[in-house]
Amino acid sequence: METLTGRLLVAVPRDVSEPEMSDLFDRSVVLLLNHDTDGAHGIVLNRPLPAAVDAVLPGWEDHVVPPGTLFQGGPVALDSALGLVSIPGTDESVGLKRLFRGVGLVDLDAPPVVVMPEVSALRIFAGYAGWEGGQLEGELRSGMWFVVDAEAGDAFTDDPDTLWAQVLRRQRNEMSFALTHPSDPNLN
């Protein structure tokens, strides 16, 4: 099995006649943080919430990149928070865990003044997306997701509402045609 860690899952548009998928995943972009035979987990990158970071994690709001709100990372463990960071260089520091390339997680229990000097971007997510072993592979076989390479700025875009379209637009194959699929085909 090829690992998809560090790649993006881009939701394939659905017709209204297809079974409902959670609105959270409709036209979503998921960054896979880990993928192996035991399953996968990632975070939805394009679901900002109308909630201030300081309401949940006091002291962190001044450090997050625009739009400066919490994001819903997925439907699992909504009472937990993940801090996704961009880490320049190759070293790991106290309170930071590098996952792949320049992307890592920050220990949100650490004081921001300790970890933020080592970080170039921070976004905080409530919850995450998770799949049991074989579940994601089944969704891929059934055509629910496109798998594409992530670009450096995807996880920290200042315009998350257009990320789905941005990612599809840069594909040089049939995936880019998904942009022409209306959100409600009945209105076409």
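Residues numbered from 1 in each chain as written. Predicted model: local features only at pLDDT ≥ 70, side-chain atom pairs only at ≥ 80, totals over all residues. Heavy atoms only, no water.

**Notes on the overall build of the protein**
(1) Moving on: In terms of regular secondary structure, the protein is built from four helices and ten strands.
(2) Moving on: Its helices and strands taken in sequence order, the protein reads β-β-β-β-α-β-β-β-β-α-β-α-β-α from the N to the C terminus.
(3) Moving on: Relative to its 188 residues, the protein shows a buried fraction of 44%.
(4) Moving on: Partitioning the intrachain contacts of the protein with sequence separation of at least 6 by distance along the chain shows that 64% fall at a separation of at least 24.
(5) Moving on: As presented, the protein carries roughly 9,600 Å² of accessible surface, and 52% of it is formed by carbon and sulfur atoms. (Helix = DSSP H or I, 4+ residues; strand = E, 2+ residues; numbered from the N terminus. Buried < 20%, exposed > 50% of the residue type's maximum accessible area, 1.4 Å probe, protein only. Contact = heavy atoms within 4.5 Å. Areas by Shrake-Rupley, 256 points an atom, 1.4 Å probe, with all protein chains shown as cover.)

**Re the side chain of Arg-47**
(1) Moving on: With respect to the element layout, Arg-47 can be found in the loop between strand S3 (39-44) and strand S4 (48-52).
(2) Moving on: The buried charged residue Arg-47 lacks any salt bridge partner; its closest oppositely charged side chain belongs to Asp-26, at an N-O distance of 5.9 Å.
(3) Moving on: A distance of 3.1 Å separates the side chain of Arg-47 from the backbone oxygen of Leu-24, its partner in a polar contact.
(4) Moving on: If sequence neighbours within four positions are ignored, Arg-47 has contacts with Asp-23, Leu-24, Phe-25, Asp-26, Arg-27, Ser-28, Phe-71 and Gln-72. (Lys, Arg positive; Asp, Glu negative; His and termini not counted. Salt bridge = Lys/Arg side-chain N within 4 Å of Asp/Glu carboxyl O. Polar contact = N/O pair within 3.5 Å; in protein donor to acceptor, adjacent residues only side chain to side chain.)

**Focus: the confidence of the model for the protein**
(1) Moving on: Overall, the prediction assigns the protein a mean pLDDT of 88, with 88% of residues at 70 or greater.
(2) Moving on: Mean pLDDT across the elements of the protein bottoms out in strand S7 (residues 96-100) (90) and peaks in S3 (98). (pLDDT = per-residue confidence, 0-100.)

**Notes on the side chain of Asn-46**
(1) Moving on: Its place among the elements puts Asn-46 in the loop between S3 and S4.
(2) Moving on: There is a polar contact of 3.0 Å between the side chain of Asn-46 and the backbone oxygen of Arg-27.
(3) Moving on: Here Val-29 takes part through its backbone nitrogen, which lies 3.0 Å from a polar atom of the side chain of Asn-46.
(4) Moving on: With sequence-adjacent residues up to four places away left out, Asn-46 is seen in contact with Arg-27, Ser-28, Val-29, Pro-160, Leu-163 and Trp-164.

**Considering the pattern of salt bridges**
(1) Moving on: Here the structure, examined in full by the defined rule, presents four salt bridges.
(2) Moving on: Notably, a salt bridge pairs Arg-170 with Glu-151, separated by 3.4 Å at the nearest N-O pair. Of this pair, Arg-170 sits in the segment after helix H4 (163-169) while Glu-151 sits in the loop between strand S10 (145-149) and H4; the two residues are 19 residues apart in sequence, bridging distant segments of the chain.
(3) Moving on: Given a relative accessible area of 22%, Arg-170 falls into the partly exposed group.
(4) Moving on: The partly exposed category is assigned to Glu-151, whose relative accessible area is 46%.
(5) Moving on: The residue Arg-170 makes a salt bridge to Asp-154 at a minimum N-O spacing of 2.6 Å.

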